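Observations on chain architecture
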Amino acid sequence: MHTRQLYIGLMSGTSADAIDAALIDLESSAQLIATHTLPLPPEIRQQIHALSLPNDNEIDRMGALDAELGRLFAQVSLELIAKSGIDASQITVIGSHGQTIRHRPPGSPQGTFTLQIGDPNIIAELTGITTVADFRRRDMAAGGQGAPLVPAFHRAIFHSPNNDRVVVNIGGMANITWLPTQGRVSGFDTGPGNVLMDNWIHSHSGNTYDKDGAWAASGIVNQELLANLLGENYFTLPAPKSTGRESFNRDWLDRNIIALSSAPSPADVQATLLELTAVTIADSINKLGDTTKEVFVCGGGAYNPVLMQRLQDLLRGDKVVSTSALGVDPQWIEAMAWAWLAQQTINHKPGNVREVTGANREVILGGVYYA
């Protein structure tokens with residue numbers, strides 16, 4: 001008899017546009033049962049983005065937002081359960097990534113720490129379901145970057161004994177997971193994914209993202225701006241490495257635009273930002289070796305045909321497709337990953353990959369908040 005092991009994963013990424021919730025059955029593999037998205041109100045998004053950089057009265061602002069996001073994470077969980085028609089008592093655990101508001105990887109002058117909010121006490125209390133959260137800090141305690149953590153899930157569901165694979169997650173930031181047929185899994189943040197493109201188009205048109213990459217496609221890459229952006233030190237750092245909005249933000253972009261010999265058109269900036277994302281991802285993949293690789297893209301970037309085509313152009317003989325080719329919707333992989341990582345935690349199994357984060361050892365991630 002099939003005994004289902006139902007877990008919920010919750011994810012709100014760097015873009016802070018919505019909370020994604022995925023209900024999955026982990027009895028044998030990761031089977032996606034139901035999904036739900038709760039868009040974040042603009043004022044909440046603005047508060048999240050404001051807290052990603054130093055400002056006034058941070059502790060009070062963070063405390064209030066921590067509680068409010070906890071309620072929203074609980075709300076999306078309850079809405080997902082209602083949508084699925086499954087009784088809440090059947091859900092084993094909720095795994096909540098939380099909302100990153102500050103990420104300072106090892107070597108940061110401000111010190112080494114990472115902070116995700118969205119109070120798991122509130123999630124557990126309002127849903128009546130045991131919740132696992134705060135996954136990243138244990139990896140940092142073990143000497144790691146605290147990110148990316150999703151490669152362990154990629155390895156569990158996407159590894160092939162026959163083909164070298166790369167999984168590319170393009171959310172606000174972009175990261176890659178290298179899954180060779182034999183040998184060590186590796187991965188790291190390549191740099192900005194959609195974060196700069198989303199911010200730029202929002203400030204010029206009010207749209208939250210560039211649908212189908214149409215605005216970027218209408219512009220021409222400004223080579224001087226691209227060279228300035230690619231001059232950022234992060235791109236030359238060796239792995240393991242991780243980054244976030246602290247480094248790649250509007251102030252950083254504006255400084256590079258001001259330094260230009262002449263001002264580019266807004267559409268040309270958008271085209272250049274798309275090229276920056278494509279080039280930094282492709283360069284990272286090309287450095288993995290000359291073997292032919294299958295490249296599977298997930299996250300919001302998988303829905304941008306202009307970006308997908310540029311990746312295909314830059315990756316020579318490697319085939320570039322979305323993870324839907326493997327039967328997994330690219331929008332839900334990160335949310336699914338936090339459900340899987342929560343199961344690892346509950347079963348006292350490690351959730352990090354040492355070669356990815358640079359941790360001293362593989363450790364059990366997260367704190368458990370019992371219902």
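Described below are features of the structure shown in this document. The shown structure was predicted, so the numbers you read here are calculated from the model rather than taken from an experiment.

Turning next to helix α6 (residues 195-205). All of the buried residues along α6 are Val195, Leu196, Met197, Asp198, Trp200 and Ile201. On its buried face, α6 is in contact with β8 (173-179), β9 (186-192), α7 (214-218), α9 (250-258) and α10 (266-286). Phi turns positive, to about 85°, at Gly206, one or two residues after α6.

This part is about the pairing of strand β3 (residues 31-39). For strand β2 (residues 18-25) and β3, the ladder comprises 8 bridges, and the chain directions are antiparallel. Directly across from Ala22, in β3, lies its bridge partner Thr35. Connecting β2 to the antiparallel partner β3 that follows it, the hairpin turn spans 5 residues.

With that out of the way, let us pick up the side chain of Glu246. Looking at the element boundaries, Glu246 is found in the loop between α8 (223-230) and α9. Nearest to the buried, unbridged Glu246 among oppositely charged side chains is Arg102, at 5.0 Å.

To continue, consider the pattern of salt bridges. Side chains bearing opposite charge may pair, as long as their charged atoms lie close to each other. Evaluation of the coordinates by the stated rule reveals 9 salt bridges. Here Arg310 and Glu275 are joined by a salt bridge, their closest N and O atoms 2.7 Å apart. Here Arg310 is found in helix α11 (residues 305-314), whereas its partner Glu275 is found in helix α10, with 35 residues between them in sequence. Judged by relative accessible area, which is 23%, Arg310 ranks as partly exposed. What emerges from the salt-bridge pattern is a single network uniting Glu275, Arg310 and Asp313.

Our focus in this paragraph is α9. Every buried residue belonging to α9 is among Trp252, Leu253, Asn256 and Ile257, and all of these are buried. The buried residues of α9 all sit within an arc of 135° when viewed along its axis, so they share a single face. Counted as exposed and oriented over 90 degrees from the buried face of α9: Arg255 and Ile258. Considering only its buried residues, α9 is in contact with α6, α8 and α10. The backbone nitrogen of Asp251 has a side-chain oxygen 3.1 Å away, supplied by the residue at the start of α9, namely Asn249.

Each value, and the rule that gives it
Residues numbered from 1 in each chain as written. Predicted model: local features only at pLDDT ≥ 70, side-chain atom pairs only at ≥ 80, totals over all residues. Heavy atoms only, no water. Buried < 20%, exposed > 50% of the residue type's maximum accessible area, 1.4 Å probe, protein only. Helix = DSSP H or I, 4+ residues; strand = E, 2+ residues; numbered from the N terminus. Contact = heavy atoms within 4.5 Å. Pairing = 2+ DSSP bridges. Lys, Arg positive; Asp, Glu negative; His and termini not counted. Salt bridge = Lys/Arg side-chain N within 4 Å of Asp/Glu carboxyl O. Arc of directions from axis to C-beta. Polar contact = N/O pair within 3.5 Å; in protein donor to acceptor, adjacent residues only side chain to side chain.

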